[in-house]
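Read off the chains here:
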Amino acid sequence: MVTRIQPAVSDPDAARSLVGLLRQLPDSEPMPPAVDSAQLLDALAQAGGGTGADLPEVVLVHELIGPQPALELIREVALRFPAVGVVLITRDTSPPLYSAAMDAGARGVLGLPLSYDELAARVGAAASWAAGVRRHLGGGGEEPAGPGGTVVAVTGAKGGVGTTLTAVQLALAAQASGRGSALVDMDLQSGDVASYLDVQFRRSVADLAGIEDISARVLQDAVYTHESGLGLLLAPGEGERGEDVDDRASRQIVAALRARAPSSTPPTPPPSRRPTSPCCSPRPTSWPSARRNAWCACGTGCRSARPRRPSPSSTAPPE
Ligand SMILES: Nc1ncnc2c1ncn2[C@@H]1O[C@H](COP(=O)(O)OP(=O)(O)O)[C@@H](O)[C@H]1O
Ligand SMILES: [Mg+2]
């Protein structure tokens, strides 16, 4: 589900930096900032007319918005548009201010200077809350389509600690449990998931870097389907291509995989076709059924210099 975010901030510099960060959030649609409280209320009133389906899920109110003071504005938005999650952006993150914001009806407080992680967490929480309220108010209407997959990150603080082996086994086990899964090798300099699974495939995660809108087709071309049914998004063969995959690209790639999980997961083949590579257990351990569509990633911190093992019996089709 795309989260619509309405910022309300008067200062042009603060607006620029906020919108710049918002644009990096996956599955988000930042709207042009409202520059004062009246403009915000007008915009919400307009979007809230009819079914209210056009209302943004999240409103971010900067502490220096005017002419209405920020907390008063939050109170009014919370009362008039209860299905909107309001977050206060403020320099003062003291407990009294936090309590005052909550009393006014805010769903969260974001400290200045802004950090991406904090922004993502607060926006995510407010959006989930707004979606829950809308479901409730909608009287059991249609569930909004959300990302289809769960992300499981497997990271290692250094090379050789078993990160890849763990990620491979978890992904195989998830796939064998009947839940379609994909394994992304984010060890961009020396990823060796391909050699663990005895696969040769020219395309890699680096081919998706720089693509703004990763469509199902583009994703399908980059993902190799292992004989177990597991989707593989491999690390680039040449380490230097890994530099193309920056933070933003990583987030977009994982978001694209999650969003397309149901349609991009091939069925599980019969047990006889499960992998028998010496590095992979032919009978993967079971995976709790509650964990659906587990997407595993190897640690970006892993810098194992171990050479790739040759893959003489590659199963990859020629490209
Ligand atoms: N639990 C384990 N027991 C024995 N050997 C292991 C275990 N986990 C990993 N290994 C071996 O240790 C080596 C490094 O594992 P690997 O998963 O490639 O580490 P990393 O990805 O952290 O560099 C491999 O040869 C692997 O087979
Ligand atoms: Mg590794």
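Residues numbered from 1 in each chain as written. Chains lettered and ligands numbered in written order. Predicted model: local features only at pLDDT ≥ 70, side-chain atom pairs only at ≥ 80, totals over all residues.

In the annotation of an unreviewed UniProt entry, the entry for the chain reads Response regulatory domain-containing protein, and the organism field reads Streptomyces daqingensis.

Caption draft 1: Inspection of the overall build of the chain at higher detail. Along its length, the chain carries nine helices and ten strands. Residue pairs in contact within the chain that sit at least 24 positions apart in sequence constitute 76% of those at least 6 positions apart. (Helix = DSSP H or I, 4+ residues; strand = E, 2+ residues; numbered from the N terminus. Contact = placed C-beta atoms within 7 Å.)

Caption draft 2: Looking closely at the nonpolar core. Formed by 39 residues in total, the largest nonpolar core has its most connected members in Leu-183, Val-193, Val-205, Leu-232 and Leu-234. Sorting elements by how many residues they give to this core places helix H6 (residues 163–176) first, with eight residues. Among the nonpolar cores identified, the runner-up in size contains 36 residues, and Leu-40, Val-59, Val-87 and Leu-110 belong to it. (Core = buried A, V, L, I, M, F, W, Y, C linked by C-beta atoms within 7 Å. Buried ≥ 20, exposed ≤ 12 C-beta atoms within 10 Å, placed from the backbone.)

Caption draft 3: Main features of the sheet that holds strand E5 (residues 108–111). The strand order across the open sheet formed by five strands is E2-E1-E3-E4-E5, and the pairing between neighbours is parallel. Both edges of this open sheet fall to strand E2 (28–30) and E5, since each of them pairs with a single strand only. Put simply, the sheet's adjacent strands are angled 25° from each other on average, direction ignored. Here strand E1 (residues 3–8) pairs with E2 via three bridges, running parallel. In the sheet register, Arg-4 faces E2, and the bridge partner there is Glu-29. (Pairing = 2+ DSSP bridges. Axes fitted to C-alpha atoms, helices over the stretch in contact; angles between N-to-C directions.)

Caption draft 4: Region of interest: the packing of helix H3 (residues 70–80) against helix H4 (residues 95–104). At a closest axis distance of 8 Å, the pairing of H3 and H4 adopts a crossing angle of 30°. By the angle between their directions, the pair H3 and H4 is classed as roughly parallel. Facing Leu-71, Ile-74, Arg-75 and Ala-78 of H3, the residues of H4 in contact are Ala-100, Ala-101 and Ala-104. Its residues placed into classes, the contact of H3 with H4 shows six nonpolar, no polar and one charged. (Parallel < 35°, antiparallel > 145°, perpendicular 65-115°, else oblique. Nonpolar A, V, L, I, M, F, W, Y, C, P; charged D, E, K, R; others polar.)

Caption draft 5: Highlighting unusual backbone geometry. At the junction of Gly-66 and Pro-67, the peptide bond is cis and its omega measures out at -10° in the coordinates. Counting through the fold element by element, Pro-67 comes out in the loop between strand E3 (58–62) and H3. In the segment running from Leu-112 into Pro-113, the intervening peptide bond is cis, with an omega of -5°. As for its placement among the helices and strands, Pro-113 is situated in the loop between E5 and helix H5 (116–137). You will see that Asp-27, though not glycine, has its phi angle at about 55°, which is positive. Inspection of the secondary structure puts Asp-27 in the loop between helix H1 (12–22) and E2. A tally of 17 C-beta atoms within 10 Å means that Asp-27 is categorised as partly exposed.

Caption draft 6: A look at the environment of Arg-260. Looking at where Arg-260 falls in the secondary structure, it is placed in the loop between helix H9 (247–259) and strand E10 (294–297). For the pair Arg-260 and Leu-219, spaced 41 residues apart in sequence, the C-alpha separation works out to 8.9 Å.

Caption draft 7: Region of interest: the pairing of strand E4 (residues 85–90). With six of its six residues buried, E4 lies for the most part within the structure. Neither face of E4 is open: one carries Gly-85, Val-87 and Ile-89, the other Val-86, Leu-88 and Thr-90, and all of them are buried. One ladder, built from five bridges, connects E3 with E4; its direction is parallel. Counted as the bridge partner of Val-59 is Val-86 from E4.

Caption draft 8: Spotlight on the pairing of E3. The element E3 is extensively covered by neighbouring structure, given that five of its five residues are classed as buried. Judged by which residues are buried, E3 turns out to be covered on both faces: Val-58, Leu-60 and His-62 on one side and Val-59 and Val-61 on the other are all buried.

Caption draft 9: Looking closely at H1. Restricting attention to buried positions, one finds in H1 the residues Ala-14, Leu-18 and Leu-22. With its buried residues spanning 65° around the axis, H1 presents them on a single face. Those residues of H1 that are exposed and angled more than 90 degrees off the buried face are Pro-12, Asp-13, Arg-16 and Gly-20. Of the surrounding secondary structure, the elements contacted by the buried residues of H1 are E1, E2 and E3. (Arc of directions from axis to C-beta.)

Caption draft 10: Here's a closer look at the confidence of the model for the chain. Overall, the predicted model of the chain reaches an average pLDDT of 79, with 77% of residues at or above 70. The low-confidence segment residues 139–146 (pLDDT under 50) makes five contacts with residues lying over four places distant or belonging to another chain. Within the model, pLDDT remains below 50 along residues 262–319, and this stretch shows 143 contacts once partners closer than five positions in the same chain are excluded. (pLDDT = per-residue confidence, 0-100.)

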